[in-house]
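The primary structure of each chain is shown beneath.
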Amino acid sequence: MNLESGAILVLSGPSGAGKSSLIAKIIDHIGPTYFSISTTTRPMREGEIDGVQYRFLDEETFEGYVKENLFLEWARVHEHFYGTLLADVERELDLGHHVVLEIDVQGALQVKEKMPDSVMIFLMPPSLEELEKRLVSRGTEENETMKIRLQNASAEVALSARYDYAVVNDHVDRAADELAGIFQMEIRKSKGSADE
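Residues numbered from 1 in each chain as written. Predicted model: local features only at pLDDT ≥ 70, side-chain atom pairs only at ≥ 80, totals over all residues. Heavy atoms only, no water.

Peer 1: Teacher, can you tell me more about helix H1 (residues 19-26) here?
Peer 2: Restricting attention to buried positions, one finds in H1 the residues Lys19, Leu22, Ile23 and Ile26. Along the axis of H1, the buried residues cluster in a sector spanning 100°; they form a single face. (Buried < 20%, exposed > 50% of the residue type's maximum accessible area, 1.4 Å probe, protein only. Helix = DSSP H or I, 4+ residues; strand = E, 2+ residues; numbered from the N terminus. Arc of directions from axis to C-beta.)

Peer 1: Help me understand the packing of aromatic side chains, please; the structure alone is not making it clear to me.
Peer 2: To describe a pair of aromatic rings, you give the distance between the ring centres and the angle between the ring planes. Under the criterion given, the structure shown has eight aromatic pairs. Ring geometry for Phe62 against Phe81: centres 5.2 Å apart, planes inclined by 15°, an arrangement best described as stacked. One end of the pair, Phe62, is in helix H2 (residues 59-67); the other, Phe81, is in strand E6 (residues 80-85), with 19 residues separating them in the sequence. Residue Phe81 is classed as buried on the basis of its relative accessible area, which comes to 8%. In this structure an aromatic cluster arises from ring pairing among Phe62, Tyr65, Phe71, Trp74 and Phe81. In this structure, Arg76 is placed above the aromatic ring of Phe81, and the distance from its NZ or CZ to the ring centre is 4.6 Å. Across the ring face of Tyr34, the terminal group of Arg91 is positioned such that the distance to the ring centre comes to 5.7 Å. (Phe/Tyr/Trp six-rings, centres within 6.5 Å; stacked < 30°, edge-to-face > 60°. Lys NZ or Arg CZ within 6 Å of the ring centre and 35° of its normal.)

In structure tokens form, the structure reads like this:
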């Protein structure tokens with residue numbers, strides 16, 4: 001595997017911080033990029049398609065993949081398993097593509113340990129109060145699930161100091177510009193080190 005061929009950009013942040021919205025806004029500005037599709041055991045939501053937003057597996061299959069060391073990273077988050085398949089990342093790096101992983105803090109720290117050149121970016125909500133409003137307006141969470149997500153958000157924000165960058169999603173366009181700028185700068189750096 002040629003890790004110098006592409007940059008690995010890891011984006012984390014609490015549920016409702018706006019990770020997917022920002023990625024959708026910047027996708028055309030960062031060159032040939034693979035947005036990793038996470039594998040999960042959580043139930044499929046209305047409108048989701050297996051293999052597009054996520055790869056959906058049952059717990060037994062997921063745990064089999066763990067035993068076979070098929071994941072670059074994996075974690076149990078909000079009572080379900082999530083993971084990134086190592087083969088996907090290796091394939092895209094070997095093709096010279098940059099890889100963006102939109103994953104939780106536990107998984108991000110595993111990636112940084114295994115691939116120290118990964119660039120870690122934490123997406124912050126303007127406040128926990130605003131985060132709660134966003135989760136309520138999404139209408140996809142039951143009350144108990146929302147409580148868990150808000151509790152986890154505080155712990156995740158506390159770990160943001162372990163990231164290379166923190167971006168506050170206070171206004172979508174401004175945050176998208178900042179995130180695109182970070183991605184472009186880090187991609188240029190990775191090309192420079194590959195050319196040396």
